[in-house]
Amino acid sequence: MTELEKIAYAKSFIDKLANGINPIDDSVIKDDDIVNNVRISRCFFYVSDVLRQMIDNGGISKKKAFIPFDLTLEARSKFEYSDKPIPISEIAKRLNVLVTNENMKKIAYRDIAEWLVSVDMLCVITKPDGKTAKTPTENAENIGMFTEKRTGQRGEYTVTVCNKNAQMFVVDNLDAIISYKNSK
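In short, a report on the structure. Treat the numbers as computed from the prediction; the structure is a model and nothing was measured.

Right, let's talk about the packing of aromatic side chains for a bit. Applying the stated criterion across every chain yields a total of three aromatic pairs. Residues Trp 115 and Phe 169 carry aromatic rings whose centres are separated by 5.9 Å and whose planes lie at 35° to one another, so their mutual orientation is tilted. Here Phe 169 lies in helix α7 (residues 164–172) and Trp 115 lies in helix α5 (residues 109–118), a separation of 54 residues in the sequence. On the basis of relative accessibility, which here comes to 7%, the residue Trp 115 falls in the buried class. Residue class for Phe 169 comes out partly exposed when judged on its relative accessible area of 21%.

Have a look at this one:
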């Protein structure tokens, strides 16, 4: 029996167990048996899917090998700048839309914000409730970053937004942001 055949055989047992069937004699397993516990059954279905993926890949477990975030100059040129100020998280979303390689890590709000702190565009403050927040410095305000009060599901909050000029600053400094992110 080949390795692939062994995997397929094991998968057939797991499939039967996941569906409450005894893989030895094909009898229905009693409802109160541990095998019919919903959590156990879900685990069997998960393992079955992993084994199916291995069979589809010729017996090899397919692990995604993520590559660091990066965008070509051509991709960056397609960034959709907004005339309306947008939050840093929206800048991250718009950058991630430009990623064409499904194995590439995404850039996060945190990656951009941490770099902005490191270049004195944002500073970390402690609010009266003891929580910390990032707020624009005078340098950031000079290029078009500022705070806005907004109302969400949990009430009023403050968000840092970037006008078109500040959005361009972030995109123009993407290599520095990526370098900073990868150095951590």
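Bringing the pairing of strand β5 (residues 155–162) into the picture now. Both strand β1 (residues 86–87) and β5 contribute to a ladder of two bridges, which runs antiparallel. Paired with Ile 86 across the strands is Cys 162, a residue of β5. Note: strand β4 (residues 145–152) against β5, eight bridges, orientation antiparallel. Within the sheet, the bridge partner assigned to Lys 149 lies in β5 and is Thr 158. Turn length for the β4-β5 hairpin, with the two strands adjacent in sequence and antiparallel, is two residues.

Moving on, we come to helix α4 (residues 88–97). Those residues of α4 that sit buried are Ile 88, Ile 91, Ala 92, Leu 95 and Asn 96. Here the buried residues of α4 occupy an arc of 135° about the axis, which is enough to place them on one side. Facing away from the buried side of α4 by over 90 degrees, the exposed positions are Lys 93 and Val 97. The inward-facing, buried residues of α4 abut β1, α5, β2 (122–126), β5, α7 and α8 (174–183).

Time to look at a nonpolar patch on the surface. Taken together, the side chains of Tyr 46, Val 47 and Val 50 make up a nonpolar region of the molecular surface, amounting to roughly 270 Å² of accessible area. Note that Val 47 resides in helix α2 (residues 38–56).

Using the criterion set out here, one finds twelve salt bridges in the structure. For the salt bridge of Asp 26 with Lys 16, the shortest nitrogen-to-oxygen distance reads 2.7 Å. You can see Asp 26 sitting in the loop between α1 (3–18) and α2 and its partner Lys 16 sitting in helix α1, a full ten residues away along the chain. Of the residues examined, Asp 26 reaches a relative accessible area of 49% and is grouped as partly exposed. Arg 76 serves as the salt-bridge partner of Asp 175, at 2.7 Å between the closest nitrogen and oxygen. A residue pair is termed long-range when its members are at least 10 positions apart, and Asp 175 in helix α8 and Arg 76 in helix α3 (residues 73–76) qualify at 99 residues. A residue is classified by how much of its surface remains accessible, and Arg 76, at 9% relative accessible area, is buried. Among the charged side chains, a salt-bridge network with shared partners connects Asp 49, Arg 52 and Asp 56.

Quick notes on the rules
Residues numbered from 1 in each chain as written. Predicted model: local features only at pLDDT ≥ 70, side-chain atom pairs only at ≥ 80, totals over all residues. Heavy atoms only, no water. Phe/Tyr/Trp six-rings, centres within 6.5 Å; stacked < 30°, edge-to-face > 60°. Helix = DSSP H or I, 4+ residues; strand = E, 2+ residues; numbered from the N terminus. Buried < 20%, exposed > 50% of the residue type's maximum accessible area, 1.4 Å probe, protein only. Pairing = 2+ DSSP bridges. Arc of directions from axis to C-beta. Contact = heavy atoms within 4.5 Å. Patch = residues over 30% accessible without salt bridge, like charges linked within 9 Å, V, L, I, M, F, W, Y side chains within 5 Å. Areas by Shrake-Rupley, 256 points an atom, 1.4 Å probe, with all protein chains shown as cover. Salt bridge = Lys/Arg side-chain N within 4 Å of Asp/Glu carboxyl O.

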